[in-house]
Amino acid sequence: MNGYFNLGDWFVILVYLGGIVGLGMWFGKDQRNTRDYFLGSRNIPWWGIGVSIVAAETSALTIIGVPAIAYGSNIMFIQMIVGYVIARIILAVVMVPHYMAGEIYSPYQLLEQHLGRGPRRLAGAFFLFLETMAAGVRVYVACIPIRLMLGEQVCSLGGVVDPILGAILIFVGLSLIYTYIGGVKAVIWTDAVQFGLFLAGGLFALFYIPTLVEGGWSAAMAQAGEAGKLTWLNTAFTFSAPFNIWMGVIGGTVMVLSTHGAEQLIVQRVLACRDVADGRKALVLSAVLIFPLFLIFLLVGVMLWVFYQSHPFQIPLPEARPGIKSNDFIFPIFMMTEVPHVLKGFLIVAILSAAMSSISSAITSLASVSTMDFIRQMVKGRDEEYFLRFSKYSTVFWAAVLVGVAWVSREVQFVLNAAFSLRGLTSGALLGGLILALFWRRVGPRAAMVGMTASLVVMNLIYWPPNIPGVRDAWLKLFGAEVFWPWFTLIGTCVTLGVAGAVRALWPENKAGPQNG
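Residues numbered from 1 in each chain as written. Predicted model: local features only at pLDDT ≥ 70, side-chain atom pairs only at ≥ 80, totals over all residues. Heavy atoms only, no water.

K.L.:
Please clarify how the overall build of the chain should be interpreted in this entry.
P.N.:
Each helix and strand counted, the chain has 21 helices and 0 strands in total. Whereas a compact globule of 517 residues would reach a radius of gyration of roughly 24 Å, the chain reaches 23 Å, a difference of no more than 12%. Principal-axis analysis of the C-alpha atoms gives the chain an extent of 75 × 55 × 45 Å. Within the span of the chain, comprising 517 residues, buried residues form 60% of the whole. Long-range pairs, those at least 24 residues apart, make up 85% of the contacts in the chain with a sequence separation of at least 6. Accessible surface for the chain amounts to roughly 19200 Å². Of this, 66% is attributable to carbon and sulfur atoms. (Helix = DSSP H or I, 4+ residues; strand = E, 2+ residues; numbered from the N terminus. Rg over C-alpha atoms; globule rule 2.2 N^0.38 Å. Buried < 20%, exposed > 50% of the residue type's maximum accessible area, 1.4 Å probe, protein only. Contact = heavy atoms within 4.5 Å. Areas by Shrake-Rupley, 256 points an atom, 1.4 Å probe, with all protein chains shown as cover.)

Shown next, in the form of C-alpha cells:
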C-alpha cells in the first residue's frame, strides 16, 4: 500500500470509485434502444450536458499537465483558451441547427446527407483510428502518475500484474461498467459529478498552497510576478513555440471548431440535447466554464513553483517518460506529501475522476461511430434489440482496444509523440469535410475524399520530419523550427478545402451526390 496514505484517504478514494460506478449504473438503468444508449433519449438537461462537455475534454493528464506548464514557464497557455471560447460561440450559432435538423447520431451523417456514403465512412474511419490511438495513449500516460499516487501494491492488483497494466485495467474496467450499462446518459451524469470534483480539487489547491508560504497569497503572487510566472500575453506571431495570442485566437479557434464540431467525442453530447436552444445553451455554458477552469490549474502551477522555491521535494522528481515530463509529477507529489490526510484523498479523487471521465467518453463515442456509422449501414433487417445488444458488445470491444493500445504504448516510445498530436493530424480533414458537406456540397464526394486524404498526408509530412532524429537537423536547418500543434487543424482544413476545390475543377463529377437528407 502507499505509505503516504492512511485509512481516511483510502476510504475517500474507495467511496468515490464505488459511488461513481453506482451512480452511473443508476442513471443509465433504462436502455431500450440505440436512441436511449447513444443519445440519452434526448431528455438530459442542457446544463448537465454543458458540464459534461468540459469534463470530456479534461483528462487526468490535463489536470496534472496544465499546472506543470505554468510551473516550468508561465501562464501564457491561457491565450489558447481564448480560442476555445470563441469556437464554442461559433458552433452554438452555426452548427447546432444542423445537428438538430432530424435525429442524427454523429456529425458524419451530415457528410452522407450532402456528399454521399464514401465521405461519411472515411470521416468515421479517421475518427475511430485517431480516437483509439489518442485515448489509449492518454490512458497509459495518465496511469504513470496514478501508479505513483496509489502505489505499486494496489496498481499491481496485489502483485499479480505489472503496476501500469493494473492501473490501466482498474480505470478502464471501472469506467466500462457504467458505460456498458447506461450508455451516454450514464457518462454525462457521471461526467457532471466528476467535473465538480476536479474543479473543487483545483480550487482547494489554489487557496491551500499559499497558506504554506511565508506571507501568504499576496507574497506568493508578488514572488511569482517578479519571476515572470504571471506573464500571459505574447503578441509575436510565430508558427512555432512558445504560445502566442494568434495561436489562441486563430489556431485555437479552428482546432476547437473541429474537436467540438466534427469529432464525435464532444458532438455526441450536443446531439443528446432536446432542441436547438438547449444545444446552444450547453455549448455556451461550456464556454463560460472552460476559461476559469484552465486559469485555476495554471495558477495552481504558479503556486507550486513558489512553494518549491523554499521547500524541498519529499519525493525526488522521477525522470521524464515518453509523453510525460518530469514537471508533470509535481502536482501529484505535492498532493501525496504536503496535503493533510483525508483532504489528500479528495485531491487524489480529483485526478481519478478526470481519468475516468475521459475514458468513458472515449469508449461511448467509439462505440457510437462503429455501430451507427458502419454496422447499422451494413446490416439490414435487424430490430432495435439487436443493435442495442451490438452497441453494448461494441462498448466492451473498444474498452479492450483502449487497454491494448495503452499497454503497447509503453514499448513504442517513439510513437507516443505522434499519438499526442494525432488529433491534429486528422482534425483538419474532419473539419474540412464537414465544411464541404454543409457549405460547398457541389464539390462532390470524390473531391471531398481526396481533399481529406491529402490533408492527412500533408499533416504527417509536417509532423514527422522534425520528430525523426536522423531528419530533424535537416528540417530545422531548412525551415528554422517545427510547426507547433495549435496550427495543425488550420493547416489541415486549408489543405482539405484547397485540394477538394482543385480536384473539382480538374476532375469534375457528373453528379455531386445527395443534396439533402
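K.L.:
Could you clarify how one ought to interpret the environment of Leu304 in this entry?
P.N.:
Turning to its location among the elements, Leu304 is positioned in helix 14 (residues 276–310). In this structure Leu304 comes out as buried when scored by relative accessible area, which is 1%. With 95 residues separating them along the chain, Leu304 and Ile209 place their C-alpha atoms 7.1 Å apart. Apart from residues lying up to four places away in sequence, Leu304 is in contact with Pro67, Tyr71, Ile209, Ile330, Phe331 and Phe334.

K.L.:
Is there a simple way to think about unusual backbone geometry in this case?
P.N.:
The phi torsion of most residues other than glycine is negative, and most of the peptide bonds are trans. That bond from Ala241 to Pro242 is cis: its omega, 5°, falls within 30 degrees of zero. Relative to the elements of secondary structure, Pro242 occurs in the loop between helix 11 (216–226) and helix 12 (245–259). Even without a glycine there, the phi angle at Leu157 is positive, about 55°. Secondary-structure assignment places Leu157 in the loop between helix 9 (152–155) and helix 10 (163–208). Given a relative accessible area of 39%, Leu157 falls into the partly exposed group. Of note in this structure, Val342 is not a glycine but carries a positive phi near 75°.

K.L.:
Is there a simple way to think about the nonpolar core in this case?
P.N.:
One broad rule of soluble globular proteins: the nonpolar side chains tend to lie buried together. Counting 173 residues, the largest nonpolar core has Ile13, Tyr99, Leu150, Phe171 and Leu304 as its most contacted members. If we skip the residues at most four places from it in the chain, Tyr99 touches Ile104, Pro107, Leu110, His260, Gly261, Ala262, Val267, Val270 and Leu271. (Core = buried A, V, L, I, M, F, W, Y, C linked by side-chain atoms within 4.5 Å.)

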